[in-house]
Amino acid sequence: MGSRADVAHALLRLTREGKLLRVGRGAYVVPVSGRFGSRAPSTESVVHAIEARSGETIVASGAAEANALGLTTQVPIRKVFITSGASRTLQLGNRAVELIHGVHWQLVLGKRPAGRAIRALSWLGPEQAHAALRILHEKLPIAEWETMCAERALLPGWMARAVSEVNVDG
């Protein structure tokens with residue numbers, strides 16, 4: 001099709017013309033046209049596209065999951081995702097989106113409610129784990145609670161102990 005330099009030049013030209021937006025090294029998106037002009041696509045659509053193209057697992061951070069599950073009223077300002085791929089920062093217009101390489105146990109249950117609960121617990125830490133687990137025991141469907149309990153061996157020691165203690169109590 002062309003040399004690397006030719007492709008780079010074509011991408012640069014399309015970016016200057018506003019037909020593409022460069023979001024990261026080697027990553028470009030088509031801007032979305034709206035009533036008020038063009039803008040970067042939604043964060044979620046870009047993350048989903050990266051996930052589909054690369055085969056990575058990408059999930060929301062523990063702070064976002066804790067907020068979504070009602071374990072905290074703090075709303076994360078930064079958009080942070082945990083990925084099985086390399087850490088990197090994407091620039092979507094004026095929004096910076098961080099993809100941080102996560103450890104296996106943070107990604108093991110993916111986007112399932114049990115996986116979301118594990119990431120939320122990780123963010124909350126050992127001090128708040130018992131109270132959060134009691135809330136999660138009520139909120140999570142039984143099958144998801146049992147799935148989370150079944151994955152205790154993969155979790156950090158403090159989290160596995162907390163899940164075991166609430167599972168015995170609950």
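Check the entry above for the structure.
Our subject in this report is the structure included herewith. All of these numbers come straight from a predicted model, not from anything done at the bench.

### Some details on the pairing of strand β1 (residues 21-24)
Each regular strand displays side chains that alternate between the two surfaces of the sheet. Pairing of β1 with strand β2 (residues 27-29), which is carried by three bridges, proceeds in the antiparallel orientation. The residue of β2 that forms the bridge with Gly24 is Ala27. With antiparallel pairing between neighbouring strands as the criterion, β1 and β2 make up a hairpin whose turn holds two residues, including Gly26 at a positive phi of roughly 75°.

### Focus: the side chain of Glu56
The residue Glu56 is located in the loop between α2 (43-54) and β5 (58-60) in this model. Polar contacts involving the side chain of Glu56 include one to the side chain of Thr83, which spans 2.4 Å. Among residues more than four places away in sequence, those in contact with Glu56 are Ile50, Glu51, Thr83, Ser84, Gly85 and Arg88.

### Here we look at the packing of helix α5 (residues 113-124) against helix α6 (residues 126-139)
Viewed as axis vectors pointing N to C, α5 and α6 meet at an angle of 150°, and their least axial separation amounts to 8 Å. As judged from the angle between their axes, α5 and α6 are roughly antiparallel. When you trace α5 past α6, the crossing you get is right-handed. Contacts from Ala117, Leu121 and Leu124 of α5 reach α6 at Pro126, Glu127, Gln128, Ala129, Ala132, Leu133 and Leu136. Among the residues making up the contact of α5 with α6, the classes are represented as eight nonpolar, one polar and one charged.

### Side note on the environment of Ala129
Along the chain, Ala129 turns up in helix α6. According to the relative accessible area criterion, Ala129 is buried, its value standing at 1%. Between the C-alpha atom of Ala129 and that of Thr83, which follows or precedes it by 46 residues, the distance is 23 Å.

### Comments concerning the nonpolar core
Core analysis: the biggest nonpolar cluster contains 25 residues, and Leu71, Leu121, Leu133, Leu136, Trp145 and Met148 have the highest contact counts within it. Where this core is concerned, the elements lending two or more residues are α5, α6, α7 (142-150) and α8 (157-169). Counting residues per element, this core draws most heavily on α5, at six residues. Non-local contacts of Leu133, meaning those with residues more than four positions away in its chain, are made with Leu121, Trp145, Met148, Ala162, Val163 and Val166. In terms of nonpolar packing, the next biggest core, distinct from the first, is built from 13 residues, Val29, Val46, Leu92 and Leu99 among them.

### Structural notes on the environment of Ala10
Along the polypeptide, Ala10 turns up in helix α1 (residues 4-16). Along the chain, Ala10 and Ser122 lie 112 residues apart, while their C-alpha atoms are 44 Å from each other.

### What about the side chain of Arg119?
As for its placement among the helices and strands, Arg119 is situated in helix α5. Classification of Arg119 by relative accessible area gives buried; the value is 1%.

### A word on α1
The terminal C-alpha atoms of α1, which comprises 13 residues, lie 18 Å apart, in line with the 18 Å expected from a rise of 1.5 Å per residue. Remark: Gly18 follows α1 within two positions and exhibits a positive phi of approximately 85°.

### Remarks on the packing of α5 against α7
One can describe the packing of α5 onto α7 by two numbers: an axis separation of 8 Å at closest approach and a directional angle of 55°. In terms of axis orientation, α5 runs oblique to α7. Our pair here, α5 against α7, has a crossing hand that is right-handed. From α5, Pro113, Ala114, Ala117, Ile118 and Leu121 reach across to α7, where they touch Glu144, Thr147 and Met148. By residue class, the composition of the contact of α5 with α7 is six nonpolar, one polar and one charged.

Conventions used here
- Residues numbered from 1 in each chain as written.
- Predicted model: local features only at pLDDT ≥ 70, side-chain atom pairs only at ≥ 80, totals over all residues.
- Heavy atoms only, no water.
- Pairing = 2+ DSSP bridges.
- Helix = DSSP H or I, 4+ residues; strand = E, 2+ residues; numbered from the N terminus.
- Polar contact = N/O pair within 3.5 Å; in protein donor to acceptor, adjacent residues only side chain to side chain.
- Contact = heavy atoms within 4.5 Å.
- Axes fitted to C-alpha atoms, helices over the stretch in contact; angles between N-to-C directions.
- Parallel < 35°, antiparallel > 145°, perpendicular 65-115°, else oblique.
- Left-handed = near helix turned anticlockwise from the far one by under 90°.
- Nonpolar A, V, L, I, M, F, W, Y, C, P; charged D, E, K, R; others polar.
- Buried < 20%, exposed > 50% of the residue type's maximum accessible area, 1.4 Å probe, protein only.
- Core = buried A, V, L, I, M, F, W, Y, C linked by side-chain atoms within 4.5 Å.
- Expected span 1.5 Å × (residues − 1).

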